[in-house]
Each structure stands twice: as C-alpha cells, then as structure tokens.
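Understanding the architecture of this molecule
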Amino acid sequence: MSHNTLNIEERKEPVLFTKHAKYFIRFLNVLPARLASHDCTRPTIAFYSVCGLDVLNSLHLLTPQMRKDIIEWIYTGLVEPYENEPCRGGFQGSRVKINSDDKQLLDSIRCYQWGHLAMTYTSICVLITLGDDLSRLNRQSIVDGVATNQRSDGSFSACINGCESDMRFVYCAAAICHLLDYWGNVDKDKMYSFIKDSIRYDYGVSQSGEGESHGGTTFCAIAALHLSGQLGRLDEKTLEGIKRWCLFRQIDGFQGRPNKPVDTCYSFWIGATLRILNAFTLTDYIENRKYILETQDTIVGGFSKWAQSSTDPFHTYFGICGLSFLEEPGLATVMPSLNIAMPAYKRLQQLHAQWRTNSTDDKYFNSTKEHESDTDTITSPLIKA
Ligand SMILES: [Zn+2]
C-alpha cells in the first residue's frame, strides 16, 4: 500500500532538528576518541556533517570563519601531480604532514600521496556545499587520476596503489566526473558493461560479477548510470526488475539484502535508488518514517542503524536523507544520485554553466574535446525541479 502524503498525526513523533544540527557541529569541531581509527577517512565525516547540516537547512549555524576554515582544511588534502607523475591527482584522506627539507625523506613520503576516489568525491561535495567555486581545482588532472584507476573490466579501484576494485568506486568515479563536468579518458562504455554484468538473477546489483545483490551496491550502480547519462541503456524488463528488488527490501524500514535486519541507512540506499527510478511513491511512508525515528537519539541527537544502538555521523546523515525523501517539512530536498542537498546541486549547475561559457580561458581546463551535458539526460522530475 502506498502512503505518500503523511498527515500531522502520522508525523506526531518529532524530528529533533536542533539536536541533529548540534550533533553534526560537534563532529566538525573534534573527532571523538572512539572514531580515531577513522582519521584517515576524515573528509567523509566532514561530508556527513556539512552536507547533513545543508539537508537540515542549518548551514547558517557555521560561522563564516568556520566555513572558511573547513574549506582550507579540505584543500590541504589536495594532491597535485608533478610533471612526471600525471595520474595521481585528487584528494587524499589523511592530513598527516611532515615538514622537512630532507629531499630523500620527502620523496619517500611522495610514494604514499595520491588521490583516493571516495575522498575526492566527498571533498568536492563539501566544497560545493560550503559555497566554494572550485576554482583552485585542476579538473583535468583530477579526472586523469580517476581514469588511471579504471580497470580493464570497466570497474575502478580507489587509488593507484592497486586496492580492490568494485561498484563503490564505480560510483565515486561517476560522481567526481559529474561534479567536475568532465569525463576525460574515463571509458563510460566499459563502465556500463561492468555494471550490466553485475546485475544479478534477482535484479539486485552486486559489488562485481556474480556476487550477492546488495542495497548499497545497487544504489552505486543505478546512480552511476544516472550520472553518466546511461540509465536509458537498461531495458524495461531490467528496470522493472530492479524496482521490484528494491521495493521488496522494505519490511518497516529497509534491509540491504534478503533475510537481513532493517537498518536506517538503507532508507537512503534503497530510497535513493527508487527515487532515481521514479518508483519511491510505491513504498510505505508511514512504516519507513516510524522505523527511522525509532533509531533517533532523543537525548544528544543523531541516528543509529538500529534502535538503542550507538549513533554515528554516517547513519545520522542517511537517516535525515531518508526523511527528506519522505518530504519531511523543514528538510531540504536531496539530489538522490549525487547525494547532496538540492540547493548545493543548483549551485553546481551554475558553476557548470560558467565553465562551459568560459572554457577557453579556464586555466585549469585546457581541453574542450568533451563538454556534453549529462544532466540533459536526467529524467527524474525531482532533479529537474
Ligand atoms: Zn547501515
């Protein structure tokens, strides 16, 4: 049964906006000791916090100085390739720096400095959300870095040191290229083949090949096709099968795989996939909202994956996005495939228009060979809104 407009009675349990905003701001000020092991992926925590504040319509709670400080901190992770190493551009996770004049020492450290696709994607999202114009980015060098990480089967690994390659990084690659409005040497056709080959017999999508269908990787695959303008290449039967697989993941909230417990973040992963496929209104809004709010911490803010378990920025961000898909009053709309608030996405589109107009004198972009618009192929009414 569809319940796509919730009345006041059905929204009786309140979303504690102020507490969630304060929760995010705490993570921007200090990383709790229990999350110290996440220091090397800290841009992702900045992403959940900054973009979460945007979805909460609460970015004004960050002072102009704090916004500036976060932007400058993000840029400290930018790896700019030297002339003899063209393919390592992007953002890294760690901010560990060694100040030294010892060339041998600096060279040995350089071996460990390269862009990481997930850190690059989240760093650019933070910059655009905070109003940065991305003019300090060498877009071509970053996309060269992305293309270098593409494997012969069309998938991507996260970085040039040869880590695992799968659907997570296919998504990050597509998101980066879309954000920078440039696909360079990325082989979209091979990327499509990898995604197509990972659609399983039950129409969910696996990390790669014949793995198990999973809600997170299904989002990554469908969003990557959407961002690269290739969703229309899937036939109707396949698209209907994917919608069916996603709709069957709803119990009250959503599960990531058959026979698994529900978890708050899948209200985003499955919800966003269904939003992209224009099938979200077939879900049960009342049950979804009820589950997400069971995982809300009413004392200090934040959401957890299950009721009565610990909150974290990841589930807090995705819980709030899940509520945004339910059109919770007071929350910004979320652009489902890029996973940022719609106001930030609109600013990005304005930047793209400027870049296209000024492409000949763009000092960080000296190729005009590809300026096609993938946004033109986006069909979701949500995105056109
Ligand atoms: Zn989860």
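Below is a summary of the structure that appears in this document. (Residues numbered from 1 in each chain as written. Predicted model: local features only at pLDDT ≥ 70, side-chain atom pairs only at ≥ 80, totals over all residues. Heavy atoms only, no water.)

1. Examining the coordination of the zinc ion
Asp263 (OD), Asp263 (OD), Cys265 (SG) and His315 (NE2) make up the full set of protein donors to the zinc ion, lying at 2.2 to 2.6 Å. Around the zinc ion, the four donor atoms sit at angles spanning 54 to 114°, and that spread fits a shape best called irregular. Coordination of the zinc ion draws on donor residues from a single chain, spaced D-x1-C-x49-H in sequence. With Cys265 in the loop between helix H10 (236-247) and helix H11 (266-276) and His315 in helix H13 (residues 313-325), this residue pair connects regions lying 50 residues apart in the sequence. (Donors = N, O, S within 2.8 Å, 3.2 Å for Na, K, Ca; no water. Tetrahedral: all angles 85-135°; square planar, octahedral: opposite > 155°, others 65-115°. Helix = DSSP H or I, 4+ residues; strand = E, 2+ residues; numbered from the N terminus.)

2. Some thoughts on H13
Between the first and last C-alpha of H13 there are 18 Å, a value that for 13 residues agrees with the 18 Å anticipated at 1.5 Å per step. Across the 13 residues that make up H13, a large majority, 12, are buried. Lining the buried residues of H13 we find helix H1 (17-29), helix H2 (42-55), H11, helix H12 (285-294), strand S5 (334-335) and strand S6 (340-341). Residue Asp312 occupies the N-cap position of H13, its side-chain oxygen lying 3.0 Å from the main-chain nitrogen of Phe314. In the stretch just after H13, Glu327 is the one whose phi turns positive, near 60°. (Expected span 1.5 Å × (residues − 1). Buried < 20%, exposed > 50% of the residue type's maximum accessible area, 1.4 Å probe, protein only. Contact = heavy atoms within 4.5 Å. Polar contact = N/O pair within 3.5 Å; in protein donor to acceptor, adjacent residues only side chain to side chain.)

3. Comments concerning helix H3 (residues 64-75)
Over its 12 residues, H3 extends 17 Å from the first C-alpha to the last, a length consistent with the 16 Å expected when each residue adds 1.5 Å. Within H3, burial applies to Met66, Ile70, Ile71, Ile74 and Tyr75. Elements that come into contact with the buried residues of H3 comprise H1, H2, strand S1 (78-79), strand S2 (90-91) and helix H5 (117-129).

4. Concerning the environment of Pro329
Within the secondary structure, Pro329 is located in the loop between H13 and S5. Through-space distance from the C-alpha of Pro329 to that of Arg11 is 9.7 Å; in sequence the pair is 318 residues apart. Aside from chain neighbours lying at most four places away, what touches Pro329 is Arg11 and Phe17.

5. A short note on the packing of aromatic side chains
Per the stated rule, a full pass over the model turns up 22 aromatic pairs. The interplanar angle of 80° and the centroid separation of 5.6 Å between the aromatic rings of Tyr48 and Phe314 together place this pair among those described as edge-to-face. With Tyr48 in helix H2 and Phe314 in helix H13, this residue pair connects regions lying 266 residues apart in the sequence. Among the residues examined, Phe314 registers a relative accessible area of 27% and is labelled partly exposed. With centroids separated by 5.8 Å and ring planes inclined at 70°, the aromatic side chains of Tyr48 and Phe318 adopt a geometry described as edge-to-face. Of the two residues, Tyr48 sits in helix H2 while Phe318 sits in helix H13, which places them 270 residues apart along the sequence. Across the pair, exposure class does not vary: Tyr48 and Phe318 are buried alike. Positioned above the aromatic ring of Trp183, the side-chain terminus of Lys188 is 4.8 Å from the ring centre. (Phe/Tyr/Trp six-rings, centres within 6.5 Å; stacked < 30°, edge-to-face > 60°. Lys NZ or Arg CZ within 6 Å of the ring centre and 35° of its normal.)

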